[in-house]
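# Report on the structure
So the chains spell out like this:
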Amino acid sequence: MCTNAWESIGHALFSCKHAKSGWENTGFSFDFRQAQQMSNGDYLFHLSTLHSQLDFELIICTMWAIWSSRNKNLHGSASSDGTTTAATTTAAPTATSSSNSHNVTAVRLQPPTGMGLKINIDAVVNSAAKKLGVGAIGRDHGGHVVAALSKSVQGCFRSDEMEGKALFHSLNWVLQHQISITNIETDALRVFQALTSTSTDLSSF
């Protein structure tokens, strides 16, 4: 992924006004200037060396909540404030770190049953650069993150087409890495309806 793409992702997840408000409500503290640069994702590796596994998982889940909130806002849904975004973080009711003391309001993940793996899929568009960002995260029955995908795709699409492409690229990634999944979760209602419908859809979508 090119440097500009990483910087755009870094800005959306850490440096924009909404993102900063979300982070302030979690109690985590970052060097936002360094976070925006991302450096091919190295900043995430840097964070993983500073925090416990639980706190790092909270950070990743908060990033997902910020990304999802921004994406919904871009597509006309009501935007949430930083407090609400932070509250959607998947976490235990209270978490304490040696480097950061903070409380997080929990919205518990519904994990897959048995030994299955569940992936959550989403997409975001950068209209100016005509690029689509695809994200997928896989969790096991204990709610632990076992795999994650971040991919940039050239093109600017309608929201339902964008979500459909996100599903396509995510499933392609799952097959290539032989990840055994039992559940797929997406907030794209039309994609879900198209896949589960018994009628034939001859449209480009």
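Residues numbered from 1 in each chain as written. Predicted model: local features only at pLDDT ≥ 70, side-chain atom pairs only at ≥ 80, totals over all residues. Heavy atoms only, no water.

### Let's talk about the sheet that holds strand 6 (residues 183–186)
Taken in spatial order, the four strands line up as 5-4-3-6 in an open sheet, and their pairing is mixed. Since the sheet does not close on itself, it has two edges, and those belong to strand 5 (145–154) and strand 6, each with one partner. Taken pair by pair, the neighbouring strands of this sheet meet at an average axis angle of 20°, ignoring direction. As paired strands, strand 3 (residues 118–126) and strand 6 are joined by four bridges and run parallel to one another. When the bridges of strand 6 are listed, asparagine 120 appears paired with glutamate 185. (Pairing = 2+ DSSP bridges. Helix = DSSP H or I, 4+ residues; strand = E, 2+ residues; numbered from the N terminus. Axes fitted to C-alpha atoms, helices over the stretch in contact; angles between N-to-C directions.)

### Comments concerning the confidence of the model for the chain
When pLDDT is averaged along the chain, the result is 74, and 75% of the positions lie at 70 or above. No element of the chain has a lower mean pLDDT than strand 1 (residues 94–96), which averages 34, and none a higher one than helix 7 (residues 159–176), which averages 89. Segment residues 89–107: pLDDT under 50, and 50 contacts once partners within four positions in sequence are set aside and those in other chains are kept. (pLDDT = per-residue confidence, 0-100. Contact = heavy atoms within 4.5 Å.)

### Here we look at the packing of helix 7 against helix 8 (residues 189–196)
Contact pair helix 7 / helix 8: the axes reach a minimum separation of 8 Å and the direction vectors enclose 65°. Viewed along their axes, helix 7 and helix 8 form a crossing whose handedness is right-handed. Contacts from Asp160, Glu163, Gly164 and Leu167 in helix 7 reach Arg190, Val191 and Leu195 in helix 8. Classifying every residue of the contact of helix 7 with helix 8 gives three nonpolar, one polar and three charged. (Left-handed = near helix turned anticlockwise from the far one by under 90°. Nonpolar A, V, L, I, M, F, W, Y, C, P; charged D, E, K, R; others polar.)

### Digging into unusual backbone geometry
You will see that lysine 130, though not glycine, has its phi angle at about 55°, which is positive. Among the secondary structure elements, lysine 130 is positioned in the loop between strand 3 and strand 4 (131–139). Positioned with a positive phi, glutamine 178 is a non-glycine residue whose angle comes to about 50°. On the secondary structure map, glutamine 178 appears in the loop between helix 7 and strand 6. The exposure class assigned to glutamine 178 is exposed, which follows from its relative accessible area of 73%. (Buried < 20%, exposed > 50% of the residue type's maximum accessible area, 1.4 Å probe, protein only.)

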